[in-house]
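What follows is each chain in one-letter form.
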Amino acid sequence: MWVKRQERMLLEHADTARKHTQQPHYYDCYCLNGIQFLKSTPHHQQQYGRLFGCATTPRILPISASYNLGHLQGFAVSFQAWMNEKFSPELLESKSEIVECVIEQLEHMEENLKRTKGGDLKASIHRMEVERIRYVLSSYLRSRIRKIEKYFPHVLEKEKTRTEGEPSILSPEEFAFAKEYMANTEAHLKNVALKHMPPNLQKVDLLKIVPEPNLDAFVFLRVKEKQENILVEPETDEQSEYVIDLDKDSQHLIRYKTIAPLVASGAVKLI
Amino acid sequence: MFCEKATELIRELHRASDGQLPSYNEDGIRQVLEEMKALYEQNQSDVNEAKSGHSELIPTIKFRHCSLLRNRRCVLAYLYDRLLRIRALRWEYGSVLPNAVRFQMSADEVLWFNQYKKSLATYMRSLGGGDGLDLTQDIKPPKSLYIEVRCLKDYGEFEIDDGTTILLKKNSQHFLPRWKCEQLIRQGILEHVLS
């Protein structure tokens, strides 16, 4: 109810503002500090609404128009990166440039907010926006850290066998974290138990005892670019392999392994 | 029966409901390790016998070896699962653990926890400029800017963003910015009032 009222006030405000200025208007899409955010497909809006509990996407007025389109794309891309990371069973490629861009943007916005007076309606809505973006960012980094901790030997192994020129799946900071985590855990197991075991049992291959990411897990996805001739490998011995076409905007439930390269290239997105 | 003690360790963890950390069973671990030592010694002498022609001993040796492997697996699983639970505590309580939990941990586990704390802090500090980003905040998607909280303990003065201070007294209710009180809620000082 409160949000509804706020929104109506803002719309009235927007109308007056429109009369007085010749600025471009963004009122019919989601807009943030004068830039369009998630120039939304209805699907995005739905996701956003479901997540943050607002039935309609809010419409707000710019506080300052000092942001360029690059930042905006940063948000939209980070939103996608976050969803992919959340739904994929394995650790995806690190998107550290996007993370940096979003962090920078957040700091900038918080600076701006500090300069506003208390009790300003616009400021509180922008504050909410900052909170939401920060949630997406933290949640993204959190799910990465969780996967690194869960699959640390496999993640590090993948990093080790990576050929030159191939993008790393870990950012340098994450790599340092993973290495420390591995050393720490190994040392603990060794000191407490392995050291006291018979000599032929003291060596343990962490790659074998820590579970691997389940690449056969099923994921929901939406197709962004039409794909043809995707080979689906048989799941059991009785089945035979076959190929499928993925039409643009169609949605599928499929084993992650089959479409993993498409997620990496951005041709499909996980939902 | 071989491996009984080891299975008992696993059962103990299994019985403790999600996220609970039962006290470290040092005695259990020691007993399993002793059993392993005994099994290993028996195997050593039997292997020597078998080499000198007693091939009927081979199945026994194999059986003992399997028991050894199983024991090792159970001990490692026990330790590793405890580490995962301790890790979860770091995310729940922050870097300082309540005493009740600390008593349940062994000295080595405290060591591991401190290391983990350090690695995580280094990582979080490296995010962005300045103080970094605290990933243990913002666990749930924000639904509103302010939330209603009830104070469960006397906490004292508490400063909010705009510089005003409020007094957090037991049983008082406040309408506060969510990002300010998330930590206090998790520490059990404030309670989110849902109505």
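Residues numbered from 1 in each chain as written. Chains lettered and ligands numbered in written order. Predicted model: local features only at pLDDT ≥ 70, side-chain atom pairs only at ≥ 80, totals over all residues. Heavy atoms only, no water.

Naming follows an unreviewed UniProt entry, where chain B appears as DNA replication complex GINS protein PSF1 of Anolis carolinensis. UniProt, in the comment section headed Subunit (unreviewed entry), describes chain B in these words: "Component of the GINS complex." In its Sequence similarities (unreviewed entry) section, the UniProt entry covering chain B states "Belongs to the GINS1/PSF1 family." (UniProt positions renumbered as here; feature names shortened; annotations may be inferred.)

In the nomenclature of an unreviewed UniProt entry, chain A is known as DNA replication complex GINS protein SLD5 of Anolis carolinensis.

A. Structural detail: the overall build of chain B. On a plain count of helices and strands, chain B comes out with six helices and five strands. Moving toward the C terminus, one meets the helices and strands of chain B in the order α-α-α-α-α-β-β-β-β-α-β. Taking 16 Å as the expected radius of gyration for a compact globule of 195 residues, we find that chain B reaches 25 Å, considerably beyond that expectation. Per-residue burial over chain B gives 41% buried out of 195 residues. In chain B, the share of contacts with a sequence separation of at least 24, taken over all contacts with a separation of at least 6, comes to 60%. Carbon and sulfur atoms make up 53% of the accessible area of chain B, which totals about 11,200 Å². For chain B, the distance from the average site of its 28 positive side-chain charges to the average site of its 27 negative ones is 2 Å. (Helix = DSSP H or I, 4+ residues; strand = E, 2+ residues; numbered from the N terminus. Rg over C-alpha atoms; globule rule 2.2 N^0.38 Å. Buried < 20%, exposed > 50% of the residue type's maximum accessible area, 1.4 Å probe, protein only. Contact = heavy atoms within 4.5 Å. Areas by Shrake-Rupley, 256 points an atom, 1.4 Å probe, with all protein chains shown as cover. Lys, Arg positive; Asp, Glu negative; His and termini not counted. Charge placed at Lys NZ, Arg CZ, Asp CG, Glu CD.)

B. How the structure looks around the UniProt feature "domain: GINS subunit" (unreviewed entry) in chain A. Here the UniProt feature "domain: GINS subunit" (unreviewed entry) sits at residues 121–192 of chain A. As annotated, residues 121–192 of chain A has a helix share of 85% and a strand share of 0%, and its two end C-alpha atoms lie 58 Å apart.

C. Seen up close, helix H4 (residues 96–115) of chain A. The end-to-end C-alpha distance of H4(A), which contains 20 residues, comes to 29 Å, matching closely the 28 Å that a straight helix rising 1.5 Å per residue would cover. The complete set of buried residues in H4(A) reads Ile98(A), Val99(A), Val102(A), Ile103(A), Gln105(A), Leu106(A), Met109(A), Asn112(A) and Leu113(A). (Expected span 1.5 Å × (residues − 1).)

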